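Take a look at the letters that make up each chain.
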Amino acid sequence: MATNKTFTMLKPDAVENGHVGNIIQMITDAGFKIKAMKYTRLSEDQAKKFYDVHAERPFYGELVEYMTSGPIFAAILEKENAVTDFRTLIGATDPSDAEEGTIRKAYAESKAKNAVHGSDSDENAQIEGEFHFSASEIF
Ligand code: CMP
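Now for a look at the structure at hand. For clarity, every value in this text was computed on a predicted model and none was experimentally measured.

Reading the values: the criteria
Residues numbered from 1 in each chain as written. Predicted model: local features only at pLDDT ≥ 70, side-chain atom pairs only at ≥ 80, totals over all residues. Heavy atoms only, no water. Helix = DSSP H or I, 4+ residues; strand = E, 2+ residues; numbered from the N terminus. Buried < 20%, exposed > 50% of the residue type's maximum accessible area, 1.4 Å probe, protein only. Contact = heavy atoms within 4.5 Å. Salt bridge = Lys/Arg side-chain N within 4 Å of Asp/Glu carboxyl O.

### Concerning the environment of Phe 73
Phase 1: Its place among the elements puts Phe 73 in strand β3 (residues 72-78).
Phase 2: Its relative accessible area of 17% is what places Phe 73 among the buried residues.
Phase 3: For the pair formed by Phe 73 and Val 116, sequence separation is 43 residues and the distance between their alpha carbons is 9.4 Å.
Phase 4: The residues contacting Phe 73, other than those within four sequence positions of it, are Thr 8, Met 9, Leu 10, Val 15, Val 20, Met 37, Lys 38 and Tyr 39.

Here you go:
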């Protein structure tokens, strides 16, 4: 059964390039409520664990290096059909394939530095949210 929550990270390129305010505005304008949010920096161990599913991919080392290169905003978002609707809002992994009006079209630098993460399933949304937040940090 679909849940109404998803998990996102505004990645180091989005923070470094000053896009956080505009991206949060796009997220809330699209009807998502912020249930939890923190400004933090992933350790190498955290990034490796978070992206473990990509461990065999050739870009894994680059991905871990990039995701630990600067601070991120992590958040849990709520909306009906949150996972699907958020992935529509962020657009394709590669910004050159992303539709007009999506966050990645507007703010991503490249396929690797693609501004924002969105969970790909309800199950992963829950796992990823719990990875970053304790129960007392979710409202
Ligand atoms: P995301 O979909 O949030 O999670 C996996 C990430 O791996 C993806 O965003 C990109 O940041 C990164 N990624 C995916 N494919 C590539 C690639 N071919 N080269 C470099 N990084 C990639």
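What follows continues from the structure just given.
### Describing the pattern of salt bridges
Phase 1: A complete count under the given rule lists five salt bridges for this structure.
Phase 2: A salt bridge links Lys 35 to Glu 78; the nearest nitrogen and oxygen atoms lie 3.7 Å apart. Of this pair, Lys 35 sits in strand β2 (residues 33-40) while Glu 78 sits in strand β3, and the two are 43 residues apart along the sequence.
Phase 3: With its nearest N and O atoms 2.6 Å apart, the salt bridge here joins Lys 79 to Asp 85.
Phase 4: A relative accessible area of 27% means that Asp 85 is categorised as partly exposed.
Phase 5: Among the ionic contacts, a cluster of salt bridges with common partners joins Lys 5, Lys 35 and Glu 78.

By themselves, these observations are geometric and do not establish any function.
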